[in-house]
Amino acid sequence: MSEFNRIPVPNLELNAQALSQTLDALEHQTITIGQEVMRHLLCLHWDQLDQQQVDDYSAQFDPDVVERDGYASQKIACRLGILHFQRQVCFNSQTGKHLMPGNDLLPEHNGTIITRALQEWACLFPQDLPFRTVERLLGWQTQQPKVISRGEVSRLVQRHGEMIRAAEAEEAKQLEDQSDLSKFEVNLIDAEAPRHRAAWPVELTAAVEQALANPNPKAPEGVTQQDWQRVLEARAGEAACWPVEKLRRLGPEIQPDQTIAATDDILVRRPQASKWLTIRVARIATATGYRYLSGTGSLVLRQMSLLLVFCAGFNGWVTLLGDGAKWIRNYFDRDLSEFTQKELLLDWYHLHRKCADFAGMICSTQQEKKALKSKLNSSLWIGRIGPAIKALEACRPHTKNEQKLQELIDYLKARKPYIVNYNERRLNRQYMGSAHAEKACDLIVAKRQKNKGMHWSEATADALAAMKTVMLNRAWDLYWVDRQTLPLATNP
């Protein structure tokens, strides 16, 4: 307490011209003094622990063996700011060496020690904020400007990202070496009820109820024909007794024995001009839970294969959704070859967008472009490749870019096995799009790393993606508090 009494507590000087700001000034002064008191308290606690360590070490030898030989300062960066711990230096006459027993209480270090809690802050804030802003924000939080430089923030993010990726790679290797994976239980985040788009405004609910009561129901004005067909299909099946409000939000449902895997990659700009790096993401979902994956190289695909085995087994129903990229098709054919019930679907959005983009490069006039898009969409929507290619061949004599025309034809032919009857799947409320992967790309990478003028090293980009994936998998506390990564599966 005598140490605390030495801390000066100045009187607050009131300014008659700014009496309305008294509360703000009092708050600022109290926080400043409080920070100083807490710093002092932490140093006092350290001095006690260091002294105890020295006493315990000295007790192991005869009284004259260990000599106290001054103090050495150690710089500490923590949530209270920058502190300097004094460590007692001892000389052991038997060994002829100097040592500091208090070092056993500190983590391995070579320079400034940054506490785990401050490291967590330094890795949490960059998920949404630039490193420069994080540097300032940490200064505000600790009441000490530049407690950690933005360069050190970046290095901390990289270091923990590398630790997470190393743990993931080691776990994947250990699981791949297992002869029997059936004894493992998969770790998924509990699924929530899906939020489907409303098929019509709530004001039309009464009109829909009235239309459904007719013997030959027709879609009220304001309800698209596709949405109406899905409602009628649902009413004819197990949803015959569903209320109109539930029919208003029909959408794809994951079946109890089904596993949905949606994957995609996203490009992030490197510092070099016209150079890009690729980050892959995936989302695995069952009727009971889901899990996000991210990374560079093949690790994501290895993790995805393991999760599919844990979720579906080799005989379960696996649906892989993607944009039809070659690496996805190769993964489906090669890595999932042992799965007996599997399907790869070319996402309708990407197929529709591809045809629309190429139609503008193929056709010379807006009328021709509109007509070609209509023919392609009407054929491909029901999974018919032949009429679509026939419509493209008919454009060959008067196309303005025959190379692009042939490129689109080759694109459709290469993906023919993965183009399905999208209309039928929509009516049956089955998945036909990779929106989960697109959303994962946005959440894990694009929202933070695809803003104007940004460029990244691979280490930083992948580390930020690793941190965001940990957060989306609700394993942030597991990593920072328990110092563990969320395993793909556990052996009970």
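Preceding this paragraph is the structure being described.
Okay, so let's go over this structure. (Residues numbered from 1 in each chain as written. Predicted model: local features only at pLDDT ≥ 70, side-chain atom pairs only at ≥ 80, totals over all residues. Heavy atoms only, no water.)

**Things to note about the sheet that holds strand β10 (residues 317-322)**
Hydrogen bonds between backbone groups are what pair the strands of a sheet, and the pairing can be parallel or antiparallel.
Next, step 1: Judged by pairing direction, the sheet is mixed, and its six strands sit side by side in the order β6-β9-β8-β7-β10-β11 without closing on themselves. Sheet topology places β6 (189-190) and β11 (341-346) at the edges, where each strand pairs with a single neighbour.
Next, step 2: When strand β8 (residues 276-285) meets strand β9 (residues 289-295), the two strands line up antiparallel, connected through six bridges. The residue bridging Arg-280 from the neighbouring strand is Gly-295, located in β9.
Next, step 3: Lying on the sheet, helix α10 (residues 326-334) is in contact with β7 (258-269), β8, β10 and β11; it crosses β11 at an angle near 170 degrees. (Pairing = 2+ DSSP bridges. Helix = DSSP H or I, 4+ residues; strand = E, 2+ residues; numbered from the N terminus. Contact = heavy atoms within 4.5 Å. Axes fitted to C-alpha atoms, helices over the stretch in contact; angles between N-to-C directions.)

**Remarks on the pattern of salt bridges**
Next, step 1: Going through the model one piece at a time under the given rule, you end up with 19 salt bridges.
Next, step 2: Arg-155 is paired through a salt bridge with Glu-152; the nearest N and O atoms lie 3.2 Å apart. You can see Arg-155 and its partner Glu-152 sitting in helix α5 (residues 150-176), three residues apart, about one turn around the helix.
Next, step 3: One salt bridge in this structure joins Arg-353 and Asp-357, with 3.4 Å as the shortest N-O distance. With Arg-353 and Asp-357 both in helix α11 (residues 348-362) and four residues apart, this pair spans about one turn of that helix.
Next, step 4: Given the relative accessible area of 43%, Arg-353 is considered partly exposed. (Salt bridge = Lys/Arg side-chain N within 4 Å of Asp/Glu carboxyl O. Buried < 20%, exposed > 50% of the residue type's maximum accessible area, 1.4 Å probe, protein only.)

**Considering unusual backbone geometry**
Next, step 1: Of note, the phi angle at Arg-429 is positive, near 55 degrees, even though the residue is not glycine.
Next, step 2: As for its position among the elements, Arg-429 is in the loop between α15 (422-427) and α16 (435-449).
Next, step 3: Owing to a relative accessible area of 11%, Arg-429 belongs among the buried residues under this scheme.
Next, step 4: With phi around 55 degrees, Arg-474 is a residue other than glycine that occupies positive phi space.
Next, step 5: Take Arg-474: it is sitting in the loop between α17 (458-472) and α18 (476-480).

**Remarks on the side chain of Thr-319**
Next, step 1: Among the structural elements, Thr-319 can be located in strand β10.
Next, step 2: On the basis of relative accessibility, which here comes to 0%, the residue Thr-319 falls in the buried class.
Next, step 3: Within the structure, Thr-319 has its side chain in polar contact with the side chain of Trp-317 (distance 3.5 Å).
Next, step 4: Reaching out from Thr-319, the side chain makes a polar contact with the side chain of Glu-343 at a distance of 2.7 Å.
Next, step 5: Setting aside residues no more than four positions away along its own chain, Thr-319 makes contact with Gln-258, Thr-259, Ile-260, Ala-261, Glu-343 and Leu-345. (Polar contact = N/O pair within 3.5 Å; in protein donor to acceptor, adjacent residues only side chain to side chain.)

**Here we look at the packing of helix α3 (residues 116-124) against helix α4 (residues 131-142)**
Helix packing geometry: the angle between the two helix axes and the distance between the axes.
Next, step 1: One way to put it is that α3 packs onto α4 with a least axis distance of 10 Å and a crossing angle of 140 degrees. Between α3 and α4, the angle is such that the two are oblique. Relative to α4, α3 is oriented so that their crossing is right-handed. Contacts between α3 and α4 pair Leu-118, Trp-121 and Ala-122 from the former with Val-134, Leu-138, Gln-141 and Thr-142 from the latter. (Parallel < 35°, antiparallel > 145°, perpendicular 65-115°, else oblique. Left-handed = near helix turned anticlockwise from the far one by under 90°.)

**Brief notes about the packing of α11 against helix α14 (residues 402-414)**
Next, step 1: Orientation of α11 relative to α14, taken along the N-to-C sense of each, is 160 degrees, at an axis distance of 9 Å. It follows that α11 is roughly antiparallel to α14 by the angle criterion. Handedness of the crossing formed by α11 with α14: left-handed. Contacts between α11 and α14 involve His-350, Leu-351, Lys-354, Cys-355, Phe-358, Met-361 and Ile-362 on the former and, on the latter, Lys-404, Leu-405, Glu-407, Leu-408, Tyr-411 and Leu-412.
Next, step 2: By residue class, the composition of the contact of α11 with α14 is nine nonpolar, one polar and three charged. (Nonpolar A, V, L, I, M, F, W, Y, C, P; charged D, E, K, R; others polar.)

**Brief notes about the pairing of β7**
Next, step 1: With respect to burial, β7 is a largely interior element, nine of its twelve residues being buried.
Next, step 2: Across five bridges, the pairing between β7 and β10 is parallel. When the sheet's bridge partners are listed, Gln-258 is paired in β10 with Trp-317.
Next, step 3: Two elements, β7 and β8, share ten bridges in a ladder whose sense is antiparallel. Within β8, the position partnered with Arg-269 by the bridge is Trp-276.
Next, step 4: Between β7 and β8, which pair antiparallel and follow one another directly, the connecting turn spans six residues, one of which, Ser-274, has a positive phi of 60 degrees.

**Notes on a negative patch on the surface**
Next, step 1: Together, Asp-62, Asp-64, Glu-67 and Asp-69 make up a negatively charged patch on the protein surface.
Next, step 2: Tracing the backbone through its elements, the reader meets Asp-62 in the loop between α2 (22-58) and β1 (66-78). (Patch = residues over 30% accessible without salt bridge, like charges linked within 9 Å, V, L, I, M, F, W, Y side chains within 5 Å. Areas by Shrake-Rupley, 256 points an atom, 1.4 Å probe, with all protein chains shown as cover. Lys, Arg positive; Asp, Glu negative; His and termini not counted. Charge placed at Lys NZ, Arg CZ, Asp CG, Glu CD.)

**A word on the sheet that holds strand β2 (residues 81-92)**
Next, step 1: The four strands lie next to each other as β3-β2-β1-β4, forming an open sheet whose pairing is mixed. Looking along the sheet, the strands with just one partner apiece sit at the ends: β3 (97-99) and β4 (113-114).
Next, step 2: Looking at chain direction, β2 and β3 are connected through three bridges and run antiparallel. Note on β3: the bridge partner recorded for Cys-90 is Leu-99.

**Structural notes on α4**
Next, step 1: The terminal C-alpha atoms of α4, which comprises twelve residues, lie 16 Å apart, in line with the 16 Å expected from a rise of 1.5 Å per residue.
Next, step 2: Turning to α4, its buried residues are Phe-131, Val-134, Glu-135, Leu-137, Leu-138, Gly-139 and Thr-142. (Expected span 1.5 Å × (residues − 1).)

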